[in-house]
Amino acid sequence: MPTWELPGGVLELDETLKACVAREVFEETGIHVEVDQLTWVCKNTTRGIFALVFRCKPSGGTELTSSEPTAVDRLTPEEVSERMAEVFAIRLLDALDGNGLHVRSHEGRRLIVGKV
């Protein structure tokens, strides 16, 4: 079974956060999105990288695959927990819970509880 991850990438110097999110989602899935709310900020303590997650609403496009994403699918919360590593699953589950912004830390694969 493949490992599932959310679309993501690097912010270009001349683009806004919302434009980056929309571009990366489109490039990796073929789906256009309206960027809604920042739901997650997390520090990878091993690599010193911060990740931001925005909740989005699909607004068009057609799902596509390529050498980067070999499959595109919509998953239930239960499927997210089964198919994604904890550090990736929690990003999506936090975005869906409706509790606003979550701030977390992880060491690459697992969350670090109580350390931000």
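Small disclaimer: the values here were computed from a predicted structure and weren't measured.

Peer 1: Can you tell me about the overall build of the chain, naming the residues and giving the values?
Peer 2: Of regular secondary structure, the chain possesses three helices and three strands. Secondary structure elements of the chain occur, N-terminal to C-terminal, as α-β-β-α-α-β. The globule rule puts the C-alpha radius of gyration for 116 residues at 13 Å, and the 14 Å found for the chain is close to it. Taken over the C-alpha atoms alone, the chain extends approximately 40 × 35 × 30 Å along its principal axes. Counting over 116 residues, the chain shows a buried share of 30%. Across the chain, the fraction of contacts at a sequence separation of at least 24, relative to all contacts at a separation of at least 6, is 51%.

Peer 1: Describe in detail a nonpolar patch on the surface, supporting the description with residues and values.
Peer 2: Where nonpolar side chains cluster on the molecular surface, the patch consists of Leu11, Leu17 and Leu52 and spans about 250 Å² of accessible area. With respect to the element layout, leucine 52 can be found in strand β2 (residues 49-61). Residue classification places leucine 52 among the partly exposed residues on the basis of a relative accessible area of 41%.

Peer 1: Describe helix α3 (residues 86-96), listing the residues and the values that go with them.
Peer 2: Along α3, the residues that are buried comprise Val87, Phe88, Ala89, Ile90, Arg91, Asp94 and Ala95. Where α3 is buried, its residues meet β1 (31-44), β2, α2 (77-83) and β3 (102-106). Following α3 by one or two positions, glycine 98 has its phi on the positive side, about 75 degrees.

Peer 1: Give a description of the side chain of histidine 106 that names residues and reports values.
Peer 2: As for its position among the elements, histidine 106 is in strand β3. By relative accessible area, which is 3% here, histidine 106 ends up buried. Among the polar contacts made by the side chain of histidine 106, one reaches the main-chain amide nitrogen of glycine 108 at a distance of 2.9 Å. Contacts of histidine 106, omitting those with residues within four sequence positions, involve Cys42, Lys43, Asn44, Thr45, Thr46, Val87, Arg91, Leu111 and Ile112.

Peer 1: How would you sum up the pattern of salt bridges? Please name residues and give values.
Peer 2: Considering all chains together, one arrives at 10 salt bridges under this definition. Put simply, arginine 83 and aspartate 73 hold a salt bridge, and the shortest N to O gap is 3.9 Å. Taken together, the positions of arginine 83 in helix α2 and aspartate 73 in the loop between β2 and α2 put the pair 10 residues apart, joining distant regions of the chain. For aspartate 73, a relative accessible area of 45% corresponds to the partly exposed category.

Peer 1: Requested: an account of the environment of valine 33, with residues and values cited.
Peer 2: Mapped onto the elements, valine 33 comes out in strand β1. Since its relative accessible area comes to 16%, valine 33 is described here as buried. Along the primary structure valine 33 and serine 59 are separated by 26 residues, whereas in three dimensions their C-alpha atoms are 5.1 Å apart. In this structure, valine 33 is in contact with Ala22, Val25, Cys56, Lys57, Pro58 and Ser59, ignoring residues within four places of it in sequence.

Rules and cut-offs
Residues numbered from 1 in each chain as written. Predicted model: local features only at pLDDT ≥ 70, side-chain atom pairs only at ≥ 80, totals over all residues. Heavy atoms only, no water. Helix = DSSP H or I, 4+ residues; strand = E, 2+ residues; numbered from the N terminus. Rg over C-alpha atoms; globule rule 2.2 N^0.38 Å. Buried < 20%, exposed > 50% of the residue type's maximum accessible area, 1.4 Å probe, protein only. Contact = heavy atoms within 4.5 Å. Patch = residues over 30% accessible without salt bridge, like charges linked within 9 Å, V, L, I, M, F, W, Y side chains within 5 Å. Areas by Shrake-Rupley, 256 points an atom, 1.4 Å probe, with all protein chains shown as cover. Salt bridge = Lys/Arg side-chain N within 4 Å of Asp/Glu carboxyl O. Polar contact = N/O pair within 3.5 Å; in protein donor to acceptor, adjacent residues only side chain to side chain.

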